[in-house]
Number of protein chains: 2
Amino acid sequence: MSAVQGFDPRTAAPVGEPVPATAAAEVDAVVAAASRTWADTSPADRALALDAVADALDADCARLVEIADAETALGVPRLTGEVGRTTGQLRMFASLLRTGAHLNVVFSPGPPDVRRTRQAIGPVAVFSASNFPFAFSVAGGDTASALAAGCPVVVKAHEAHPRTSLAVAEILRRTLPEGVFALVTGREAGTALVRHPGIRAVGFTGSLAGGRALFDLAQGRPDPIPFYGELGSVNPVVVLPGASGVAEGYAASLTLGAGQFCTNPGLLFVPDDAVLLDEIAQAVGGTTAGPLLSPGIHRSYVDHTAAGPARVLATGTAGEGAWAVAPVVFATDAADFVARAESLTEETFGPSGLVVTYRDLDTLLAALEALPGSLTGSVHAGADDSATLKVAAILRTRVGRLVHNGWPTGVAVCWAMHHGGPWPASTAPAHTSVGTAAIDRWLVPIAYQDWPEHLLPPELRTDNPLGFPRTVQG
Amino acid sequence: MSAVQGFDPRTAAPVGEPVPATAAAEVDAVVAAASRTWADTSPADRALALDAVADALDADCARLVEIADAETALGVPRLTGEVGRTTGQLRMFASLLRTGAHLNVVFSPGPPDVRRTRQAIGPVAVFSASNFPFAFSVAGGDTASALAAGCPVVVKAHEAHPRTSLAVAEILRRTLPEGVFALVTGREAGTALVRHPGIRAVGFTGSLAGGRALFDLAQGRPDPIPFYGELGSVNPVVVLPGASGVAEGYAASLTLGAGQFCTNPGLLFVPDDAVLLDEIAQAVGGTTAGPLLSPGIHRSYVDHTAAGPARVLATGTAGEGAWAVAPVVFATDAADFVARAESLTEETFGPSGLVVTYRDLDTLLAALEALPGSLTGSVHAGADDSATLKVAAILRTRVGRLVHNGWPTGVAVCWAMHHGGPWPASTAPAHTSVGTAAIDRWLVPIAYQDWPEHLLPPELRTDNPLGFPRTVQG
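Residues numbered from 1 in each chain as written. Chains lettered and ligands numbered in written order. Predicted model: local features only at pLDDT ≥ 70, side-chain atom pairs only at ≥ 80, totals over all residues. Heavy atoms only, no water.

Some remarks on the domain arrangement of chain A
All names here are of chain A.
Link 1 in the chain: What the domain assignment lists for chain A is domain 1 (3–231 + 426–460) and domain 2 (236–404).
Link 2 in the chain: Centre-to-centre separation of domain 1 and domain 2, based on C-alpha positions: 32 Å.
Link 3 in the chain: Counting from both sides, the interface comprises 17 residues of domain 1 and, opposite them, 14 residues of domain 2.
Link 4 in the chain: Here domain 1 meets domain 2 over a buried area of about 1,100 Å², counting both sides, of which 69% is carbon and sulfur.
Link 5 in the chain: On inspection of domain 1 and its partner domain 2, the count reaches 0 salt bridges.
Link 6 in the chain: Here domain 1 and domain 2 share 4 residue pairs in polar contact (both at pLDDT 80 or more) between them.
Link 7 in the chain: When the residues that make up the side of domain 1 that touches domain 2 are grouped by side-chain class, the tally is 8 nonpolar, 4 polar and 5 charged. (Domains from an automatic or database assignment. Contact = heavy atoms within 4.5 Å. Buried area = accessible area lost by both parts, 1.4 Å probe. Salt bridge = Lys/Arg side-chain N within 4 Å of Asp/Glu carboxyl O. Polar contact = N/O pair within 3.5 Å; in protein donor to acceptor, adjacent residues only side chain to side chain. Nonpolar A, V, L, I, M, F, W, Y, C, P; charged D, E, K, R; others polar.)

So this is what it looks like as structure tokens:
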């Protein structure tokens, strides 16, 4: 592809001129230009730089939202909120840098005297997601955490919002020092990045097929590099007997943002209760979904839902717009779910879900054992605590976050958040892409043994000039 | 292979009967039997179990050392020390469990209320190393840290010490609860383990070729799993002008344990100084090496050193024993090193090294840029601090531990230790296989959102019944 064209999901019409794709050969120049000094700046200086990026994005918020709305149709309120989330993330990492906690400094007095800190892993490639044109894209969480760690970042723009990507990249480039940030466009440039010897780690949010291909490339290098990918999640929600208020909450979570969230509740386990099923059908029947983000996502959704993995329980209404679709929920029972678990747990991106009915707790638990890895698992509990505990005991081996009496959509950006899980939720289950711990992906430990005081990095000096926290053995 | 025969490196004679290899089909039964309750035991109970294993190994130390000496010829003093290191590691992880620091508990009060802890990743496969029949083998650091994390462990015994492996495994099996530990033997069983859906992570210490093959298997699974491997390291040591006492230290480090350490100083960079080269040649010429561990290691050493990557600077004397070899040190200059860096930085396992001479600091720095990843980098400094800093600035991007005026052999088991580095030193550069942080490899985060107090794991309850440390946001 020699250029990437953005489209308006409301009209299917092109938005502006196509954005030229980056040739694979240009990727060499981009990586060669990656800063060799960014890693050596002080955490305080990097914090100032992150704050400056956040301020610049906030100052340009209205213009950025307008560009993104034309390419995504996500609407001004949601996109304005997303810019705020994006700048909030940048400032969160700036705050973290000022604490010095990210360095995880440990002293072992010895002998030998060993002192450990952490340093940037090197230049990082970040692949933007389609569904968060700001918060998981050019200046999103992967970029913010990698810049905070001291890594130069090369972002591969998502095809669904090329002009939004350019606009955000322009702000990053003029705010950050030379060589700290670059943008490439087009798939060819993306694969060249993952293969490039100068790239030391990859962050990715996207589909299982695309993510697996890039993961395989990264692991197949002569020198494999860490690949931090979020590839898919069906986010099981379990409704236990006696839970209340489920139907409306489910319909709202399923269709939020036209269902285009990695935490969309794709699987709902409910007691085999005609009244509850009817409530769910009514609630889903009352929903409307706006247009999907891209022709590819639209086509995939139409194909998946037309193929009909099970009987249709309810359909909502397609809203306005060329790529608008109707929400649809299918239903089957636990025995069928177990028998066809592999195909029934494939993620369908968009406002579609599968309701699985169960007769009794044992049937439910057997069905949960068939679940693949997901980002989240939710329980709507009744009065029986032991049932909740049994469900949680299985779910927690399948997911990275357990939600009680709530819905998985809406990921809080907080210190304790874990946004990860077993494959395919994450390619690296010990790591998160949301929250302060996201910085861990871009840092590697380095131990100094018997090193002279005056030649140590400041955080390792006995007099602790930066006042950073440290653990001392013994 | 249907059985694994151990040999005495002193005589090349078989030691005892061959140990039957585990059939690939038996691996299914072994993994199916892995405990589903070990992860739910309290850290305090797991600490007691680790201490009990350590006590049982100590009680049987003399017998274990005798078995291992027959298979490895490493000698009673070294092997007795290694049992102590092994039981020390087990007790270190027991101590860590009692602090609760391994759970890395974080509270974000919200709303939503999110509380994060860590849990065992699941059953783990551990591949033992040839060169540490205790400390990196059946009850070694990978096993100790994984058991501490709450993971059942299946160890694949190393072919070079099958009877030692059986003896240690017998102690683990009778000391630990059912299903917490198992041993398999033979390569076929090893590959079956890495492919098995029930195995959730792999620990490996060994060769680049063997490790790469298993890494590729783990990453090629339908559900790739973390593979924590230490595959090779040339451990560059840089001697700066004005450094003293280098020759004797180098010869001793190079030939310690017949050079069979992952931290063996394979590359020595020295000023082009005839006096120093002569001192090194004298010191190496005075060394003797005992027998290597296995016929494979012996053959590989003989082939590599016979091929002669550069001119011979010095040879020592082959000691007693069928597989004894002479230490040998080659020499070349920095320009040749840069030109042939890829082949000259291949690890030769055993008491062999390459001395690289440099004319001036710039030549040295250019040569260091050609280094691959290693576990360690060492600097013997002179009076010029700026030279030390320039060397360290390059080395720290290539290694996991920087040693000042010392030698890389002898890895201190302490909290601050980092035993890892860029590929091929480690397949997962953010992680270590030595020190308390080794437990991080076997734990995955789990966040509880709005979960009722009385159903939370104890470390996440507000009243903190276990008294474990926690970070609270805000």
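Once you've had a look at it, read on.
What about empty space enclosed by the protein?
Link 1 in the chain: Tallied over the entire structure, the rule returns 7 cavities of 30 Å³ or more.
Link 2 in the chain: Of the voids in this model, the largest cavity is the one considered here, and its volume is about 340 Å³.
Link 3 in the chain: Lining the largest cavity are 24 residues, with Pro226(A), Thr427(A), Ala428(A), Thr427(B) and Ala428(B) positioned closest to its centre.
Link 4 in the chain: Among the residues forming the lining of the largest cavity, the class breakdown is 18 nonpolar, 6 polar and no charged.
Link 5 in the chain: Of the pockets and cavities examined, the second largest cavity occupies roughly 110 Å³.
Link 6 in the chain: Tyr228(A), Gly229(A), Ser426(A), Ser433(A) and Arg441(A) are, among the 16 residues lining the second largest cavity, the residues nearest its centre.
Link 7 in the chain: Sorting the residues of the lining of the second largest cavity by element identifies β8 (201–205) and β9 (227–230) of chain A as the ones contributing at least two each.
Link 8 in the chain: The dominant element in the lining of the second largest cavity, judged by the number of residues it contributes, is β9(A), at 3 residues.
Link 9 in the chain: For the lining of the second largest cavity, the per-class residue count stands at 5 nonpolar, 8 polar and 3 charged. (1 Å grid on protein atoms, 1.4 Å probe; cavity = no way out; pocket = protein on both sides within 12 Å on 5 of 7 lines; lining within 4 Å. Points joined across faces, edges and corners; volume = space filled by probe spheres on them. Helix = DSSP H or I, 4+ residues; strand = E, 2+ residues; numbered from the N terminus.)

Thoughts on the packing of helix α4 (residues 76–99) of chain B against helix α5 (residues 141–149) of chain B
Residue and element names in this part refer to chain B.
Link 1 in the chain: Closest axis-to-axis distance for the α4/α5 pair is 9 Å, and the angle between their directions is 20 degrees. What the angle tells us is that α4 and α5 run roughly parallel. Of the two possible hands of crossing, α4 and α5 adopt the one that is right-handed. On α5, the residues touching Gln89, Leu90, Phe93 and Leu97 of α4 are Gly141, Ala144, Ser145 and Ala148.
Link 2 in the chain: Along the lines of polarity and charge, the residues of the contact of α4 with α5 split into 5 nonpolar, 3 polar and no charged. (Axes fitted to C-alpha atoms, helices over the stretch in contact; angles between N-to-C directions. Parallel < 35°, antiparallel > 145°, perpendicular 65-115°, else oblique. Left-handed = near helix turned anticlockwise from the far one by under 90°.)

Concerning the sheet that holds strand β19 (residues 443–449) of chain B
Link 1 in the chain: Spatial strand order, β13(A)-β15(A)-β16(A)-β11(A)-β10(A)-β17(A)-β18(A)-β19(B)-β4(B)-β3(B)-β20(B): 11 strands in an open sheet with mixed pairing. Edge positions in the open sheet fall to β13 (311–315) of chain A together with β20 (470–472) of chain B, since each of these has one partner strand only. Across the sheet, the axes of successive neighbouring strands diverge by a mean angle of 20 degrees, strand direction being ignored.
Link 2 in the chain: As defined by bridge partners, strand β15 (residues 328–333) of chain A adjoins strand β16 (residues 352–358) of chain A across 6 bridges and the pair is classed as parallel. By the bridge assignment, Thr332(A) is partnered in β16(A) with Val356(A). (Pairing = 2+ DSSP bridges.)

Describing the environment of Cys61(A)
All names here are of chain A.
Link 1 in the chain: With respect to the helices and strands, cysteine 61 occurs in helix α3 (residues 61–72).
Link 2 in the chain: Looking at cysteine 61, the relative accessible area reads 15%, which means it is buried.
Link 3 in the chain: Sequence separation between cysteine 61 and threonine 376 is 315 residues, and the spatial gap between their C-alpha atoms is 31 Å.
Link 4 in the chain: Discounting chain neighbours no more than four positions away, the residues touching cysteine 61 are Thr80 and Val83. (Buried < 20%, exposed > 50% of the residue type's maximum accessible area, 1.4 Å probe, protein only.)

Things to note about the interface of chain B and chain A
Link 1 in the chain: Listed by partner, the interface residues are 62 residues for chain B and 62 residues for chain A.
Link 2 in the chain: Summed over both sides, the interface between chain B and chain A buries roughly 5,100 Å², with carbon and sulfur atoms accounting for 59% of that surface.
Link 3 in the chain: At the boundary of chain B and chain A, one finds 4 salt bridges.
Link 4 in the chain: Note that Asp40(A) is salt-bridged to Arg396(B), the shortest N-O span being 2.7 Å.
Link 5 in the chain: At the surface where chain B touches chain A, the tally comes to 34 residue pairs in polar contact (both at pLDDT 80 or more).
Link 6 in the chain: Looking at the side of chain B that touches chain A, the elements that each hand over two or more residues are β3 (105–108), β4 (114–120), α8 (208–220), α15 (385–395), β18 (399–404), β19 and β20 of chain B.
Link 7 in the chain: In terms of residue count, β19(B) provides more of the side of chain B that touches chain A than any other element does, 7 residues in total.

Quick word on the relation of the copies chain B and chain A
Link 1 in the chain: With an RMSD of 0.0 Å, the fit of chain B onto chain A corresponds to turning through 180 degrees and sliding 0.0 Å along the axis. The two molecules are tied by a two-fold rotation axis, judged by turn and shift. Minimal C-alpha separation from the rotation axis in chain B is found for Gln219(B), amounting to 3.5 Å.
Link 2 in the chain: In this assembly, 100% of the residues forming the interface of chain B have copies in chain A that are likewise at the interface, indicating an isologous arrangement. (Least-squares fit on C-alpha atoms with pLDDT ≥ 70 in both.)

Re the pattern of salt bridges
Residue and element names in this part refer to chain A.
Link 1 in the chain: Taken as a whole and assessed by the stated rule, the structure comprises 36 salt bridges over all chains.
Link 2 in the chain: In this structure, arginine 340 engages aspartate 336 in a salt bridge whose closest nitrogen and oxygen atoms are separated by 2.9 Å.
Link 3 in the chain: Relative accessible area serves as the criterion here: at 31%, arginine 340 is assigned to the partly exposed category.
Link 4 in the chain: Judged by its relative accessible area of 22%, aspartate 336 is partly exposed.

Observations regarding the UniProt feature "domain: Aldehyde dehydrogenase" (unreviewed entry) in chain A
Link 1 in the chain: Those places that UniProt annotates as "domain: Aldehyde dehydrogenase" (unreviewed entry) correspond, in this numbering, to residues 7–420 of chain A.
Link 2 in the chain: Along residues 7–420 of chain A, the helical share is 41% and the strand share 18%, with 31 Å between the first and last C-alpha atoms. (UniProt positions renumbered as here; feature names shortened; annotations may be inferred.)

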